[in-house]
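# Structure assessment
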Amino acid sequence: MSIHVSYELTAEEEYRGVRRAYRRRFAVVRACCAVLVACGIVLLVTGGQPALGVVLVVVAPLLAFWQSFVTRLGVARHRAEYPGPLTITFKDSGCAFTTGNFRQPFSWSRFTRITDDRDHLYLYARGELPVAVPKSEFHPYELGELLRVLRSRPNYRPPRRPS
């Protein structure tokens, strides 16, 4: 197997792809923030510790905002470090990311998780932002062959929701 795909996403498209890849992480942080706000409101209403209640009501939404801000900052740094279109070469042994003068090969074992949804293929490498590859960039035959190979890998995780 040797499949090449080349694409360029806008900053917003890349952010949405990373956010989709981190869907569970964002949901957990939002849920924790909601619990903190609820605890803060209870403290304010009961008069138990109003100062702590105010802190919780103010800080929890800031934490939720901070998560989005840090993710956007990571995407901006990544785009500044690796500008231009991204070309990915998929082979049986792994894949290689190429952009500008930079080329980084990855063996399949370096990915902590590989998954997909209806629109994207997600590659999670250790210490890197997840890469969201739009499925629309592949020819149908190539996508089918690639998914067949990826689904045989031990680090492939099927999507929780039907595609």
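Residues numbered from 1 in each chain as written. Predicted model: local features only at pLDDT ≥ 70, side-chain atom pairs only at ≥ 80, totals over all residues. Heavy atoms only, no water.

As a further point, take the pairing of strand S4 (residues 102-107). Looking at chain direction, strand S3 (residues 94-99) and S4 are connected through 6 bridges and run antiparallel. Paired with phenylalanine 97 across the bridge in S4 is glutamine 104. With antiparallel pairing between neighbouring strands as the criterion, S3 and S4 make up a hairpin whose turn holds 2 residues, including glycine 100 at a positive phi of roughly 55 degrees. (Pairing = 2+ DSSP bridges. Helix = DSSP H or I, 4+ residues; strand = E, 2+ residues; numbered from the N terminus.)

What follows is about the packing of aromatic side chains. Evaluation of the coordinates by the stated rule reveals 7 aromatic pairs. For the ring pair phenylalanine 90 and phenylalanine 138, a centre distance of 5.9 Å and an interplane angle of 45 degrees mean the geometry is tilted. Taken together, the residues phenylalanine 90 in strand S2 (residues 86-91) and phenylalanine 138 in the loop between strand S7 (131-134) and helix H4 (140-151) connect sequence positions 48 residues apart. Take phenylalanine 90: its relative accessible area is 0%, and that puts it in the buried class. (Phe/Tyr/Trp six-rings, centres within 6.5 Å; stacked < 30°, edge-to-face > 60°. Buried < 20%, exposed > 50% of the residue type's maximum accessible area, 1.4 Å probe, protein only.)

Attention shifts here to a nonpolar patch on the surface. Together, Leu36, Leu44, Leu52, Val54, Val55, Val58, Val59, Leu62 and Leu63 make up an exposed nonpolar region whose accessible area comes to about 690 Å². Residue assignment for the nonpolar patch shows that the elements contributing at least two residues are helix H2 (23-46) and helix H3 (50-81). Per-element tally for the nonpolar patch: the top contributor is H3, with 7 residues. Structurally, valine 54 can be placed in helix H3. Judged by relative accessible area, which is 42%, valine 54 ranks as partly exposed. (Patch = residues over 30% accessible without salt bridge, like charges linked within 9 Å, V, L, I, M, F, W, Y side chains within 5 Å. Areas by Shrake-Rupley, 256 points an atom, 1.4 Å probe, with all protein chains shown as cover. Salt bridge = Lys/Arg side-chain N within 4 Å of Asp/Glu carboxyl O.)

Let us now look at the pattern of salt bridges. All told, the structure shown has 7 salt bridges when counted by the stated rule. The residue arginine 72 makes a salt bridge to glutamate 12 at a minimum N-O spacing of 2.9 Å. With arginine 72 in helix H3 and glutamate 12 in helix H1 (residues 11-21), this pair connects stretches of sequence that are 60 residues apart. For arginine 118, the salt bridge goes to aspartate 119, with nearest N and O atoms at 3.4 Å. A single salt-bridge network, built from bridges that share partners, covers Glu12, Arg16 and Arg72.

Let's shift gears to the nonpolar core. Counting residues in hydrophobic clusters, the biggest one holds 24 residues, and the most contacted among them are Ile88, Phe90, Phe97, Phe111, Leu121, Leu123 and Val133. For this core, the elements supplying multiple residues, two or more each, are strand S1 (2-7), S2, S3, strand S5 (111-116), strand S6 (120-125), S7 and H4. Counting residues per element, this core draws most heavily on H4, which supplies 4 residues. Those residues in contact with phenylalanine 90 that sit more than four places away from it in its chain are Met1, Ser2, Ile3, Val5, Cys95, Trp108, Leu121, Leu123, Phe138 and Leu146. (Core = buried A, V, L, I, M, F, W, Y, C linked by side-chain atoms within 4.5 Å. Contact = heavy atoms within 4.5 Å.)

All right, on to H1 then. An α-helical segment advances 3.6 residues per turn. Residues three or four places apart therefore align on the same side. Regarding H1, the residues found buried are Glu14, Tyr15, Gly17, Val18 and Ala21. Around the axis of H1, the buried residues are gathered within 160 degrees of arc, so they sit on the same side. Residues of H1 that are buried make contact with H2, H3, S5, S6 and S7. (Arc of directions from axis to C-beta.)

Our focus in this paragraph is the packing of H1 against H2. H2 packs onto H1 with a crossing angle of 75 degrees between their chain directions and a minimal axis gap of 4 Å. Classed by the angle they form, the pair H1 and H2 counts as roughly perpendicular. Between H1 and H2, the residues in contact are Tyr15, Arg19, Arg20 and Ala21 and Arg23, Phe26 and Arg30, respectively. Split by residue class, the contact of H1 with H2 holds 3 nonpolar, no polar and 4 charged. (Axes fitted to C-alpha atoms, helices over the stretch in contact; angles between N-to-C directions. Parallel < 35°, antiparallel > 145°, perpendicular 65-115°, else oblique. Nonpolar A, V, L, I, M, F, W, Y, C, P; charged D, E, K, R; others polar.)

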